[in-house]
Amino acid sequence: MGVMLRRLLMMFAVLTVLTGLAYPLLVTVAGRLLYPNLVAGSLVVREGTVVGSSLIGQSFTDPKYFWGRISATSPMPNNATASGGSNLGPTNPALLDAVRGRIDALKTADPTNSLPIPVDLVTASASGLDPHVSPEAALYQVTRIARARGIDSVRLRETVLAHVEGRQLGVFGEPRVNVLLLNLALDRAQ
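Quick look at the structure, then. Remember, it's a predicted structure, so these values are computed and weren't measured experimentally. (Residues numbered from 1 in each chain as written. Predicted model: local features only at pLDDT ≥ 70, side-chain atom pairs only at ≥ 80, totals over all residues. Heavy atoms only, no water.)

### Some words on the pairing of strand β2 (residues 49-53)
Relative to β2, strand β1 (residues 43-46) runs antiparallel, the two being bridged by four bridges. Bridge assignment links Leu43 to a residue of β2, and that residue is Ser53. In sequence, β1 turns back onto β2 through a hairpin of two residues, with Glu47 there showing a positive phi of about 55°. (Pairing = 2+ DSSP bridges. Helix = DSSP H or I, 4+ residues; strand = E, 2+ residues; numbered from the N terminus.)

### Topic: the nonpolar core
Inside soluble globular proteins, nonpolar side chains tend to come together where they are buried. Ranked by internal contacts, the top residues of the largest apolar core, which has 27 residues, are Phe66, Leu156 and Val160. Taken together, the elements giving at least two residues each to this core come down to α3 (93-109), α4 (135-140), α5 (142-149), α6 (153-162) and α7 (179-189). Sort the elements by how many residues they give to this core and α7 lands first, with five residues. When residues no more than four places from it in sequence are discounted, the contact partners of Phe66 are Phe60, Ala138, Gln141, Val142, Ile145, Leu156, Val160, Val179, Leu182, Asn183 and Leu186. (Core = buried A, V, L, I, M, F, W, Y, C linked by side-chain atoms within 4.5 Å. Buried < 20%, exposed > 50% of the residue type's maximum accessible area, 1.4 Å probe, protein only. Contact = heavy atoms within 4.5 Å.)

### Quick look at the sheet that holds strand β3 (residues 132-133)
Read across the open sheet, the three strands follow the order β3-β5-β4; overall the sheet is antiparallel. The strands lining the two open edges of the sheet, one partner per strand, are β3 and β4 (164-165). One ladder, built from two bridges, connects β4 with strand β5 (residues 176-178); its direction is antiparallel. Counted as the bridge partner of Val164 is Val177 from β5. The sheet strands contacting α7 are β3 and β5, and the helix crosses β5 at an angle near 60°. (Axes fitted to C-alpha atoms, helices over the stretch in contact; angles between N-to-C directions.)

### Details of the environment of Arg46
Checked against the element boundaries, Arg46 lands in strand β1. On the basis of relative accessible area, Arg46 is assigned to the partly exposed category, the value being 31%. Between the alpha carbons of Arg46 and Gly2 there is a distance of 63 Å; along the sequence they are 44 residues apart. In this view, Arg46 contacts Val51, Leu184 and Asp187; residues no more than four positions away in its chain are not counted.

### What about unusual backbone geometry?
Note on backbone geometry: most residues besides glycine have negative phi, and most peptide bonds are trans. Unusually for a residue other than glycine, Glu47 sits at a positive phi of about 55°. Tracing the backbone shows Glu47 in the loop between β1 and β2. For Leu169, which is not glycine, the phi dihedral falls at a positive 55°. Within the fold, Leu169 resides in the loop between β4 and β5.

### What to know about the packing of aromatic side chains
Here a ring pair, both rings aromatic, is described through the centre-centre distance and the interplanar angle of the planes. Applying the stated criterion across every chain yields a total of one aromatic pair. Here Phe60 and Tyr65 contribute two aromatic rings whose centre-to-centre distance is 5.5 Å and whose plane-to-plane angle is 40°, an arrangement assigned as tilted. The lysine or arginine in question, Arg144, covers the ring of Trp67, its NZ or CZ lying 3.6 Å from the ring centre. (Phe/Tyr/Trp six-rings, centres within 6.5 Å; stacked < 30°, edge-to-face > 60°. Lys NZ or Arg CZ within 6 Å of the ring centre and 35° of its normal.)

Such coordinate-based values are descriptive only and should not be taken to indicate function.
Given below as structure tokens:
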């Protein structure tokens with residue numbers, strides 16, 4: 001029994017060192033060497049100040065900015081410490097009321113816009129932290145933002161199209177627009 005216990009304790013110690021110390025250290029060092037920006041959180045720096053992360057959605061409410069996905073996180077939108085969806089099903093009256101309210105808010109913000117409202121502007125993302133919208137959702141907002149900024153809507157549309165990210169590896173996901181990066185590009189252009 002004593003020999004078996006020693007072997008078990010030795011195996012436990014070896015595996016603890018390998019899986020609890022050596023492997024995490026190796027992965028951390030490799031990540032910092034190969035992907036320093038990703039390991040640091042994909043932080044976006046503007047004029048020497050961190051303004052956000054390209055991986056976490058931020059709340060924009062000013063009419064001169066593109067608005068991202070609705071977040072179900074609370075107590076405030078895009079709260080990275082409270083990631084999660086609303087878990088409301090498609091037949092839930094609360095979800096239908098929330099979507100109607102979001103549609104009304106979009107129509108109030110841009111009453112002359114007759115384009116169909118993209119679904120990602122009125123529904124929350126699963127994580128509540130999605131930094132992207134569909135190209136259609138970004139293009140839907142062009143008239144409001146062009147009017148608020150006093151810029152040409154054709155030029156703004158071209159800016160949006162220039163910020164469309166394709167499918168990952170050419171096949172995974174859908175084309176998308178990073179709202180933070182697009183808004184920062186607009187600020188730089190003005």
